[in-house]
Amino acid sequence: MAGVGSVVDVQGTVADGFEPVRDAFAANFTRHGERGAAMALYREGEKVVDLWGGAKTPDTKTPDAKTPDTKTPDDDGESGPGPSGGGPEPWTQDTAQVVRSVTKGVAAAVPLLLHQRGQLDLDGRVSTYWPEFKEAGKERVLVRHLLAHRTGVPVLDTPLTPAEAVDGISGPRAVAAQRPVWEPGTAHGYHALTYSWLVGELVRRVTGRTIGRWIAEEIARPLGLDLWLGLPEAQRGRVGRIAAVEALAAPAAHGPRLRPKRSVAEAYRDPESLTRRAFAAITPVPDENDPGYLAAELPASSGVATAEALARFYAALIGPLPSARTARSGGRLFAPATLTMARTEESAGPDRVLVVGTRYGLGYMLHGPACPLLGPGSFGHPGRGGSLAFADPEARIGFAYVTNGMRRGVTADPRAQALVRAVRTSLAALEA
């Protein structure tokens, strides 16, 4: 049984030289209160780390966590009882997990690939593809503004209910009607939930397919990924149940500080702040363990994947995968020019929603103090509560960590950061 501060029998494999990663993964259970998790790493197109451990489901006394990207730092995380029955079910090699905003990084690949194929102009106006979007002062919004969180529509004046959020109609209609809270293109702020309907509807208008279907047909299936935006009913039994987990006190040397700055905490507490309103675009918060939520295609938050699939996805963005079942560039997704666009800084500085300074490329968070990745060239996306996935072209790696133990925080979970540091240590030793 995996519990707070417990020792866990870690399963999986690591290639020679990556033993520090296994040690850090195991230490997360004792040092950081991990419950159930998996971590994978690809290097030069080959898998070098594949680890898992802990519990797939919480015990009956553990409260479930609230929905992805809506839980605030002062929230106690209690939204209902855990699963009925006996003790927790163990995490296994094929356990998948809802990964919250890590989904954004997968979704961002779609418009970039459409641009790469000549189907979408990143410098074109959104209204060219989606005429209704020009309403309420948004006629000059560019496609790149959507990807770089510069649209000015991180909030909804009238939040959607959970049912409306997933119906495929109400969300696009709401963001199309919403007046921007800043002039589009002049500032940036994390579109925590509205990203779903902004990017998802754009893709549907361009391709005639939902973004979940596009990902399944053009990315997941060719690359052999256990990754879904819109979980099929047949895969439900593989999915770990998320629940809140308490942070353990840790020495400063083991990771970033656990308490948010006062200004950040105040922004989350203020019901009128852009921060609080952005994370309340769906009200009341949906149950992300619910099958209906997992089946939804919300590219901001409802993706389900294994760590291995996410690491493989990011590896495929930057280089060929020898075993990929696709004829496109030997399994490589991004052409060099697309890769450059994905990680070229589009937004930087004070984030009007997250309050702290953030950096974005086209759909991806970039390495920086608010979201530390492997190095300056890294690009990817964290998921609120802990999960993280990214690529680093210079180090030639694809990294992914997923967890069902949800903690407060958006961008720099200490469990993920411990693993990133271990990867950095391993690579430095191998290249010495």
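Above: the structure in question.
Each value, and the rule that gives it
- For every chain, the first residue of its written sequence is number 1, and the numbers climb from 1 along that sequence.
- Only residues with pLDDT of 70 or above have their local features reported here, since the model is predicted, and side-chain atom pairs are shown and tallied only from 80 upward, although totals for entire chains, interfaces and linings are computed over all residues.
- With hydrogens and water stripped out, all remaining heavy atoms of the structure feed into the side-chain values.
- Runs of E in the DSSP output that reach at least two residues are strands. Runs of H or I that reach at least four are helices, and both are numbered from the N terminus.
- For every residue, the accessible area obtained with a 1.4 Å probe (protein chains only) is divided by the maximum for its type, and the residue is called buried under 20%, exposed over 50%, and partly exposed between those limits.
- By definition, residues are in contact when any of their heavy atoms lie within 4.5 Å.
- The protein chains shown are the only cover counted for residues, whose accessible areas, like all others here, come from Shrake-Rupley with a 1.4 Å probe.
- Only centres within 6.5 Å qualify two rings of Phe, Tyr or Trp (six-membered ring in Trp) as a pair; their planes then separate them into stacked at under 30 degrees, edge-to-face at over 60, and tilted for everything else.
- In this analysis the charged atom, NZ for Lys or CZ for Arg, is taken to sit over a ring once it is within 6 Å of the ring centre and within 35 degrees of the ring normal.
- Here a salt bridge means any side-chain nitrogen of Lys or Arg lying within 4 Å of a carboxyl oxygen belonging to Asp or Glu.
- Any pair of N or O atoms that falls within 3.5 Å is considered a polar contact. Within protein, one atom must be able to donate a hydrogen and the other to accept it, and sequence-neighbouring residues count only if both atoms are side-chain atoms.

With that settled, the discussion passes to the overall build of the protein chain. Regarding its fold elements, the protein chain presents 14 helices and 14 strands. Considering the protein chain as a whole, with its 432 residues, one finds that 59% of them fall into the buried category. Within the protein chain, residue pairs in contact and separated by at least 24 positions form 70% of the contacts whose partners lie at least 6 positions apart. Carbon and sulfur atoms form 50% of the exposed surface of the protein chain, whose accessible area is close to 16,200 Å².

Within the structure shown, the criterion is met by nine aromatic pairs. Consider the rings of Y314 and F379, whose centres lie 6.2 Å apart with planes at 65 degrees: the pair is edge-to-face. Remark: F379 occurs in strand β11 (residues 379–382) and Y314 occurs in helix α12 (residues 307–318); sequence separation between them is 65 residues. Pair check on accessibility: Y314 and F379 agree, each one buried. On the accessibility criterion, F379 (0% relative accessible area) is buried. Three or more aromatic residues link up through ring pairs in this structure, and these residues are F313, Y314, Y364 and F379. The ring of F133 has K138 lying over it, and the distance from NZ or CZ to the ring centre is 4.9 Å. Above the face of the F279 ring, R384 is positioned so that its terminal group lies 4.3 Å from the ring centre.

Following the criterion strictly, the structure yields 21 salt bridges and no others. For R415, the salt bridge identified is with D413, shortest N-O distance 2.8 Å. Judged by its relative accessible area of 0%, R415 is buried. Salt bridges sharing common partners tie together R117, R209, R213, E217 and E218.

Our focus in this paragraph is the environment of T57. You can see T57 is positioned in the loop between β3 (46–54) and β4 (97–98). When the C-alpha positions of T57 and P88 are compared, they lie 5.1 Å apart, and in sequence the two are 31 residues distant. From its side chain, T57 meets the backbone nitrogen of E89 in a polar contact 2.8 Å long.

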